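Here's the letter readout for the chains.
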Amino acid sequence: MYTDAQKRSHIFDLQTFLRRIQQSEGSAAPLVPDGIFGAQTAAAVREYQQQHCLPVTGIADQRTWNAIYASYAALIAADALPMQTAFFPPESDTVLKPGAKSPSVYVLQLMLSEIAPHYNRIAAVPLTGEYDSDTQAAVRRAQQIFQLPQTGLTDRATWQALTGLHNALFRRTPLGWQINGDTHRSGCPASNRP
């Protein structure tokens, strides 16, 4: 039997999901969860449905619930801080260099890509796991920033400088991270609009 307490709990969850979505979109007055499916909740559901090409009913049917939850889960995942990186790649012989293919190279590329927005001299590199010319050039630019010898090879000093910066950047709450709320807003068929 579906109790009133269960119903209120599910409505509260729905409202919590919608509130986080509205906050990511810059809503001036996001929904306040109260466990009551009133006019404000129905309006928030309709707005979400319209923006995400769902039939605009104001009812949180299974399809709408799943879409709202997926959006919420993506935002929560984006809010999560990256894991702290400390190890030096054990499979290397003291350096990562061009031609290397390994998970450690992938981690290196990920760190370079994550710090790239903070330094205009470092470009994000494709995450391939292969130490290619793009990776070597990004390492060389990072070494220049860290005032290390600009070899383009990732030795222990370069790795430690990169991991130190990575860890320092992501110890704080990522308040500046923005999820592009417009990503799923275009291309809705006219039949889904109110």
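See the structure printed just above.
Residues numbered from 1 in each chain as written. Predicted model: local features only at pLDDT ≥ 70, side-chain atom pairs only at ≥ 80, totals over all residues. Heavy atoms only, no water.

Peer 1: Honestly, helix H4 (residues 103–115) in this entry has me stumped. Any pointers?
Peer 2: Since the α-helix turns once every 3.6 residues, residues separated by three or four places project in the same direction. In this model, H4 (13 residues) spans 19 Å end to end at C-alpha, consistent with the 18 Å of a helix rising 1.5 Å per residue. Regarding H4, the residues found buried are Ser 104, Val 105, Leu 108, Gln 109, Met 111, Leu 112, Ser 113 and Ile 115. Buried residues along H4 sit in contact with strand E1 (95–96), helix H5 (133–145), strand E2 (154–155) and helix H6 (156–169). (Helix = DSSP H or I, 4+ residues; strand = E, 2+ residues; numbered from the N terminus. Expected span 1.5 Å × (residues − 1). Buried < 20%, exposed > 50% of the residue type's maximum accessible area, 1.4 Å probe, protein only. Contact = heavy atoms within 4.5 Å.)

Peer 1: When you look at the packing of aromatic side chains in this model, what are you seeing that I'm missing?
Peer 2: Under the defined criterion, the tally for this structure stands at 4 aromatic pairs. Between Phe 17 and Trp 65, the ring centres sit 5.7 Å apart and the planes meet at 70°, which makes this aromatic pair edge-to-face. Of the two residues, Phe 17 sits in helix H1 (residues 4–24) while Trp 65 sits in helix H3 (residues 62–79), which places them 48 residues apart along the sequence. By relative accessible area, Phe 17 is classed as buried at 9%. Note on Phe 17 and Tyr 72: the rings are 4.5 Å apart at their centroids and 40° apart in plane angle, and the pair reads as tilted. Placement of Phe 17 in helix H1 and of Tyr 72 in helix H3 is noted, with a sequence separation of 55 residues between them. What links up through ring pairs into an aromatic cluster is the set Phe 17, Trp 65, Tyr 69 and Tyr 72. (Phe/Tyr/Trp six-rings, centres within 6.5 Å; stacked < 30°, edge-to-face > 60°.)

Peer 1: What am I meant to see in the environment of Thr 151 here?
Peer 2: Positionally, Thr 151 belongs in the loop between H5 and E2. Sequence spacing of Thr 151 and Arg 141 is 10 residues, and the spatial spacing of their C-alpha atoms is 9.7 Å. Look past the residues within four positions of Thr 151 in its chain and what remains in contact with it is Gln 136, Arg 140 and Gln 143. Engagement of the side chain of Thr 151 in a polar contact is seen with the backbone nitrogen of Leu 153, the distance being 3.1 Å. (Polar contact = N/O pair within 3.5 Å; in protein donor to acceptor, adjacent residues only side chain to side chain.)

Peer 1: How should I be thinking about unusual backbone geometry in this particular structure?
Peer 2: Trans peptide bonds make up most of the peptide bonds, and negative phi angles are found at most residues other than glycine. The phi dihedral of Cys 53 falls on the positive side, at around 60°, and the residue is not glycine. Positive phi, close to 55°, is recorded for Gln 147, a residue that is not glycine. By the element assignment, Gln 147 lies in the loop between H5 and E2.

Peer 1: Could you clarify how one ought to interpret a nonpolar patch on the surface in this entry?
Peer 2: A cluster of nonpolar side chains, namely Tyr 106, Leu 110 and Leu 127, defines an oily patch on the protein surface of about 240 Å² accessible area. If you trace the backbone, Leu 127 turns up in the loop between H4 and H5. Assessed through its relative accessible area of 39%, Leu 127 is described here as partly exposed. (Patch = residues over 30% accessible without salt bridge, like charges linked within 9 Å, V, L, I, M, F, W, Y side chains within 5 Å. Areas by Shrake-Rupley, 256 points an atom, 1.4 Å probe, with all protein chains shown as cover. Salt bridge = Lys/Arg side-chain N within 4 Å of Asp/Glu carboxyl O.)

Peer 1: What should I look at first to understand the nonpolar core in this one?
Peer 2: Soluble globular proteins: nonpolar side chains tend toward being buried together. If you look at the biggest cluster of nonpolar residues, it comprises 18 residues, and the most contacted ones within it are Leu 96, Leu 108, Leu 112, Ile 115, Ile 122, Tyr 131 and Leu 162. Those elements that place two or more of their residues in this core are H4, H5 and H6. Among the elements that make up this core, the one with the highest residue count is H4 (5 residues). When sequence neighbours within four positions are dropped, the list of residues in contact with Leu 162 reads Leu 108, Met 111, Leu 112, Ile 115, Ala 142 and Phe 146. With 12 residues, the next largest nonpolar core counts Leu 14, Phe 17, Ile 21 and Leu 31 among its residues. (Core = buried A, V, L, I, M, F, W, Y, C linked by side-chain atoms within 4.5 Å.)

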